[in-house]
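Here is what each chain is made of, one letter per residue.
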Amino acid sequence: MKKILLPLLVLFIMAQFFGPARNEGELTSITAFETETNPPEDVKFILQTSCYDCHSDVTNYPWYNKITPVNYWLASHVKDGKKHFNVSGWEANSVKKKDHKFDELIEMVEEKEMPLDSYTWTHTEAKLTDAQRASVIEWAKNVRLKYSLIAKPQ
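Residues numbered from 1 in each chain as written. Predicted model: local features only at pLDDT ≥ 70, side-chain atom pairs only at ≥ 80, totals over all residues. Heavy atoms only, no water.

> So what exactly am I meant to see when it comes to the layout of surface pockets here?
The gaps left among the atoms become clear once a water-sized probe is rolled over them. When its volume is computed, the largest pocket comes out at roughly 680 Å³. Forming the boundary of the largest pocket are 36 residues, of which Cys-54, His-55, Gly-81, Met-114 and Leu-116 lie nearest the centre. Sort the elements by how many residues they give to the lining of the largest pocket and helix 5 (residues 70-84) lands first, with 7 residues. For the lining of the largest pocket, the residue count by class is 22 nonpolar, 10 polar and 4 charged. (1 Å grid on protein atoms, 1.4 Å probe; cavity = no way out; pocket = protein on both sides within 12 Å on 5 of 7 lines; lining within 4 Å. Points joined across faces, edges and corners; volume = space filled by probe spheres on them. Helix = DSSP H or I, 4+ residues; strand = E, 2+ residues; numbered from the N terminus. Nonpolar A, V, L, I, M, F, W, Y, C, P; charged D, E, K, R; others polar.)

Here it is, written out as structure tokens:
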């Protein structure tokens, strides 16, 4: 048993010196998104506490992100979140894509699939009440209405 546990312990300790790249961009990367979509203050707060860690270039990491392999798991979540919906660099998206992303946002919030349970387990402030969900959905529908009024190139 010692022959197995000791090498595993050494490997675990060595792994702590390595980790994935951190998602630590500039807060200004979110500005264009907020300017364009104009979330009310309550929705802006929800976005900051429940969305931006995984859906922007700015992640506030918890203390346990320094532990390998947890840091790789978190990096994978952030990468996947940004793949689906990334508010950083928002202005580079077409109106059609922005509209589609908001359609998906509405669906995910209505179905209570976002924020992820695995995120809210350790970020209890990110859990959304029904009233908060309704606020986000109303805002998102208004943003989609705005996008529908803009001519979309085919």
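The rest of the description comes next.
> Is there a simple way to explain the confidence of the model for the chain in this structure?
Low pLDDT marks regions whose predicted coordinates should not be analysed in detail. Summarising the model, the chain shows a mean pLDDT of 88, and 97% of its residues fall at 70 or more. Confidence, expressed as mean pLDDT per element, reaches its minimum in the chain at helix 1 (residues 2-15) with 78 and its maximum at helix 8 (residues 130-148) with 96. (pLDDT = per-residue confidence, 0-100.)

> Looking at this structure, how should I read the nonpolar core?
Among soluble globular proteins, nonpolar side chains are generally buried collectively. Grouped together as the largest cluster of nonpolar side chains are 22 residues, with contacts concentrated most on Phe-33, Phe-85, Phe-102, Val-136 and Trp-139. Elements that contribute at least two residues to this core include exactly helix 3 (41-50), helix 6 (95-110) and helix 8. With 6 residues, the single largest contributor to this core is helix 8. Every residue in contact with Phe-33, bar those within four places of it in the chain, is listed here: Asn-38, Leu-47, Tyr-52, Phe-85, Val-87, Trp-90, Phe-102 and Trp-139. (Core = buried A, V, L, I, M, F, W, Y, C linked by side-chain atoms within 4.5 Å. Buried < 20%, exposed > 50% of the residue type's maximum accessible area, 1.4 Å probe, protein only. Contact = heavy atoms within 4.5 Å.)

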